[in-house]
Each structure stands twice: as structure tokens, then as C-alpha cells.
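Chain residues, written in single-letter form:
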Amino acid sequence: MIEDSIREEFPILGREVNGKPLIYLDNVATSQTPRVVVEEIARLYGTSKANVHRGVHTLSQEATELQEECRRRVQRHINAESHEEIIFTRGTTEAINLVASSYGQRFRDGDEIILTVMEHHANIVPWQLIGNHADVKIRVVDINERGELDLEQYRSLFNERTVMAAFCHVSNVLGTQNPVKDMIATAHAHGVPVLVDGAQASPHLRIDVRDLDCDFYVFSAHKMYGPTGVGVLYGRKRLLEEMPPYQGGGEMIKHVTFEKTTYAELPFKFEAGTPDFIGIAAFAKAFDFLDRIGLENIEAHELELLRYTTSLLTELEGVHIYGTAPGKGPVISFNVGNAHNYDVGLLLDRLGVAVRTGHHCAQPLMERLGVPGTVRAGFAVYNTKEECDSFVAALKRIMPMLM
Ligand code: PLP
């Protein structure tokens, strides 16, 4: 059971919005940050700021050690075989762009990539950018009325031209948790590598990249109670070794002349320039937080809030929920009658409730659902049943104005 004391670790939860206590349900976009992470950022800026990897002096060595400790922390957290398989990026988006632009250099005209209709734009557009050098075709897996992938169609899309399959672990709109382990096995049976977008799974689920047997797994720190500007690309070492660098600059080289440059070993080959080393070091504190509470406890709490709120919303006439797959993650996307999602969001904000509105960076999915957008509420470890009650009460209050 989640204790009240957890809320006290998040100073922002004590603030008011529009004269009402804040009810923060925009956790799918970003979760709030516990004091341990905020304080670590302030401490490092205040006492230990020095650039990593370039200095022999003490501060630089301390900063380097903190960054590399976080790398080992991520490695343990997702059960990667080696710390060399952990690349720090700016977030999920940059991690996918890295794979698409580096691994994607081997793609040729006529090659095919399998995506799903529920992908975030971050897992669509980078693959389209490959079109700048090769005419690659994107094949799309559809969903059923509950928001589950059509796995038969998925299996049927593989052929000798398939060069990559990339899909989310958990949908940021529908909450659907995809059977990624089986989907990876299917792709591997066809000799096709897989990238899993774990942005919405990593805050709630225990990730084991060796058990999943995925080739690439990506996620963002800011959705996991960590700092902004930090993300992770896990890549299978053999593939990362074969891949050309993504960006050039400092840190990623072995030796530079005007004629020729040789590159650093993994993981630095893919980390050009000064990383957000303070953010990375503070990310380690988010893992402390997750481990102290336990991902299993976090997930159980969030799923209880999901079950509770879904049952309350289902009783409201005119509320339509998108995504009802069994085993879905803690996110509810909905619309209220014919009201525009934006109006619902604005009115809820007047009552202190923060939800997300719009297409959620998933325009193809919105088109598939036949709506311009939805209202989205997502739950985190610090949300309470009382907040769910207040959210539904606020919705009841504004519904007569909208319908
Ligand atoms: N993929 C999914 C499923 C997401 O939900 C998000 C963000 O909401 C992203 C990718 C992009 O993450 P970021 O903006 O942190 O790079």
C-alpha cells in the first residue's frame, strides 16, 4: 500500500492551481520528481560541477564516476549484459533517431519496416527520415476494438524485405500492454531485429532486456521520476559495434586527423559532446526511489487506481473510453459526448485537475479511432483514490456545460 509519506517526497503536489489543490494526472507526459532527485541536481550544481571524461582533476573524476555509476545502475535495472550496451541520450525520441539513422544506413530501396498503428510519432517519423537515402516502405499493424494489436496480421507482414520491427511496449494513449516477448520471437524467427519503445513501460514494469531478447530498448528518465533531458538506448552489443556513429564531436573519438577519424569504444562512440552529466547522475537517485518503493508495489497501486477510476467513469453517460484491453497500463483516454477534448481539459484545469488533451503525438492512431483527440488521465505512485474521486466529481460538474 502506498503511504501518504510518499506524497510528501514530491513538493509540487502541495501546490494549488487556480485556487484548488493540484490533482496531477498528466503522468503519461511526464511524472513529477521526488525531492532526492531535485536535491541531487542542486547538490551537484552547487558542489561538484565539472565536465566528464576530459579532466584529470578531482571534480572531473567525481563527475565521471557518478555518470558511469548511473550507467551500471541502468544496466542492472534492465538486466543488460554489459554497461557498454547502455547509451545515454536526451530521451526516447533521440534514442530512436539514433537507431533509425545509424542502423538504418544499411537499409535499401524496397526494404520494409513493421510499425503499429498505436505508435507515438517518435517511433514513426525517424523511420520515415530514412527515406532521405532509401525508399523504405512502412507496414502498419492494426488494432481491434479493445485497442489490442492484430497479431495475426503482424505475423503475416514479415517477408524477405523486412529489415526492422519497432513497436511500443505500452501505448501512451490506449494503455495496451503489447505481448512484446512473443512479438520479438516472431521477428527473430524471420531474422528481423526489434526496437521496443519502452517510454510508457519503464515507469511501471520491470524490464529485462535479456528475457525479452530485444535488440534495442529505449526510454526516458523524466517519465520515471527522473530529470528531464536524459534517456537511454539499450542496444545489443554486437549490433552497436557494427553501427556507424550517430553524431560526431568530442567524447566519441579515439584519434582525429583532418584525413581520418577513428572512433571510441562503446558506449562512447554514440555519445558525442558533453552529456547532461548532472541529469544522468541524478537519474541514479530516481532508481533509488523506484527500488525503495518497489516497481511491483507501484504497478499494483496504479492498477488499482485505474480499475477504480474506470469503474466510476463507466457509470457516466456520454463518457467514451478508448482502450479497454485486459492487462492495460494505468492510462485512461476518453471523450465526453461530442465535446472537444480541449474544452474538457480547460474546464478541468479550472478545478485544479491536470490532464492531457489532443492527439498525444499519435495522429495515425487518432485517425484510426476516428477522433481529433482525446482527454487522457494517467496515474503515478503518488496519486490517491481521493484524487480519483475529485477528478470524477470535477468531470460531473463540467459535463452539463459541455453536452
Ligand atoms: N514513445 C512513447 C510511447 C511516449 O509516450 C513518448 C512520450 O510521451 C515518447 C516516445 C517520446 O518520449 P520523449 O519525449 O521523452 O523523447
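Here, the structure is the one placed above.
Calculation criteria
Residues numbered from 1 in each chain as written. Predicted model: local features only at pLDDT ≥ 70, side-chain atom pairs only at ≥ 80, totals over all residues. Heavy atoms only, no water. Near = heavy atom within 4 Å. Polar contact = N/O pair within 3.5 Å; in protein donor to acceptor, adjacent residues only side chain to side chain. Areas by Shrake-Rupley, 256 points an atom, 1.4 Å probe, with all protein chains shown as cover. Nonpolar A, V, L, I, M, F, W, Y, C, P; charged D, E, K, R; others polar. Buried < 20%, exposed > 50% of the residue type's maximum accessible area, 1.4 Å probe, protein only. Helix = DSSP H or I, 4+ residues; strand = E, 2+ residues; numbered from the N terminus. Arc of directions from axis to C-beta. Contact = heavy atoms within 4.5 Å. Expected span 1.5 Å × (residues − 1). Axes fitted to C-alpha atoms, helices over the stretch in contact; angles between N-to-C directions. Parallel < 35°, antiparallel > 145°, perpendicular 65-115°, else oblique. Left-handed = near helix turned anticlockwise from the far one by under 90°. Phe/Tyr/Trp six-rings, centres within 6.5 Å; stacked < 30°, edge-to-face > 60°. Lys NZ or Arg CZ within 6 Å of the ring centre and 35° of its normal. Salt bridge = Lys/Arg side-chain N within 4 Å of Asp/Glu carboxyl O. Patch = residues over 30% accessible without salt bridge, like charges linked within 9 Å, V, L, I, M, F, W, Y side chains within 5 Å.

## What to know about the site of the ligand
In the neighbourhood of the ligand, the contacting residues comprise Gly-91, Thr-92, Thr-93, His-120, Ala-122, Asn-172, Asp-197, Ala-199, Gln-200, Ser-220, His-222 and Lys-223. Contacts to the ligand include Asp-197, whose side-chain N or O atom sits 2.5 Å from a nitrogen atom. Coverage of the ligand by the protein chains reaches 85% of its 400 Å² of free accessible surface. Grouping the amino acids of the shell around the ligand by side-chain chemistry returns 2 nonpolar, 8 polar and 2 charged.

## A look at helix H7 (residues 180-189)
For H7, the full list of buried residues reads Val-180, Met-183, Ile-184, Thr-186 and Ala-187. Angularly, the buried residues of H7 cover 160 degrees about the axis, an arc narrow enough to put them on a single face. Residues Asp-182 and Ala-189 are exposed on H7 and point more than 90 degrees away from its buried face. On its buried face, H7 is in contact with helix H6 (151-156), strand S7 (162-168), strand S8 (194-197) and helix H8 (209-212).

## Here's the deal with helix H11 (residues 295-314)
An ideal rise of 1.5 Å per residue puts 28 Å on 20 residues; H11 measures up with 28 Å between its terminal C-alpha atoms. Of the surrounding elements, those touching the buried residues of H11 are helix H3 (58-78), helix H10 (277-293), strand S13 (319-322), strand S14 (331-336) and helix H14 (385-402).

## Let's talk about the packing of H3 against H10
The angle between the axes and the distance between the axes are what describe a pair of packed helices. Where H3 meets H10, the axes come as close as 8 Å, and the angle between the chain directions of the two elements is 40 degrees. When the axes of H3 and H10 are compared, the pair comes out oblique. Seen along the crossing, H3 lies across H10 with a hand that is left-handed. Across from Ala-63, Leu-66, Gln-67, Cys-70, Arg-73, Val-74 and His-77 in H3, the residues of H10 making contact are Phe-277, Ile-280, Ala-281, Phe-283, Ala-284, Phe-287, Asp-288, Leu-290 and Asp-291. Residue composition of the contact of H3 with H10, grouped by class: 11 nonpolar, 2 polar and 3 charged.

## So, the side chain of Asp-197
On the secondary structure map, Asp-197 appears in strand S8. Side-chain polar atoms of Asp-197 contact the backbone nitrogen of Ala-199, separated by 3.0 Å. Other than its neighbours up to four places away in sequence, Asp-197 contacts Thr-92, Ile-96, His-120, Asn-123, Phe-167, Cys-168, His-169 and Val-218.

## Points about the environment of Trp-127
Inspection of the secondary structure assignment puts Trp-127 in helix H5 (residues 125-129). The spatial distance from the C-alpha of Trp-127 to the C-alpha of Gly-104 is 8.0 Å, given a sequence separation of 23 residues. Among residues more than four places away in sequence, those in contact with Trp-127 are Ile-96, Val-99, Ala-100, Phe-107, Ile-113, Leu-115, Ile-138, Met-164, Ala-166 and Leu-195. Within the local environment of Trp-127, its side chain forms a polar contact with the side chain of Asn-123, the two groups lying 2.8 Å apart.

## Here's the deal with the packing of aromatic side chains
Counted under the stated rule, the structure contains 12 aromatic pairs. One aromatic cluster in this structure is built from Phe-10, Tyr-225, Phe-289 and Tyr-382. In this structure, Lys-385 is placed above the aromatic ring of Tyr-308, and the distance from its NZ or CZ to the ring centre is 4.9 Å.

## Observations regarding unusual backbone geometry
In this structure, Pro-267 follows Leu-266 across a cis peptide bond, with omega equal to 0 degrees. Tracing the backbone through its elements, the reader meets Pro-267 in the loop between strand S12 (261-263) and H10. Positive phi outside glycine occurs at Tyr-225, with the angle close to 70 degrees. In this structure, His-360 is a non-glycine residue whose phi angle is positive, near 55 degrees. His-360 gets classed as buried once you look at its relative accessible area, which sits at 7%.

## So, the pattern of salt bridges
Scanning the entire structure with this criterion turns up 26 salt bridges. Between Glu-40 and Arg-43 there is a salt bridge, and its shortest N-O distance comes to 3.0 Å. Separated by 3 residues within a single helix, Glu-40 and Arg-43 lie in helix H2 (residues 35-47), roughly one turn from each other. With relative accessibility at 7%, the residue Glu-40 sits in the buried group. Between Glu-304 and Arg-307 there is a salt bridge, with the nearest N and O atoms lying 2.7 Å from each other. You can see Glu-304 and its partner Arg-307 sitting in helix H11, 3 residues apart, about one turn around the helix.

## What about a nonpolar patch on the surface?
Together, Ile-253, Val-256 and Tyr-263 make up a nonpolar patch on the protein surface, roughly 250 Å² of accessible area in all. When you line up the elements, Tyr-263 lands in strand S12. Among the residues examined, Tyr-263 registers a relative accessible area of 39% and is labelled partly exposed.

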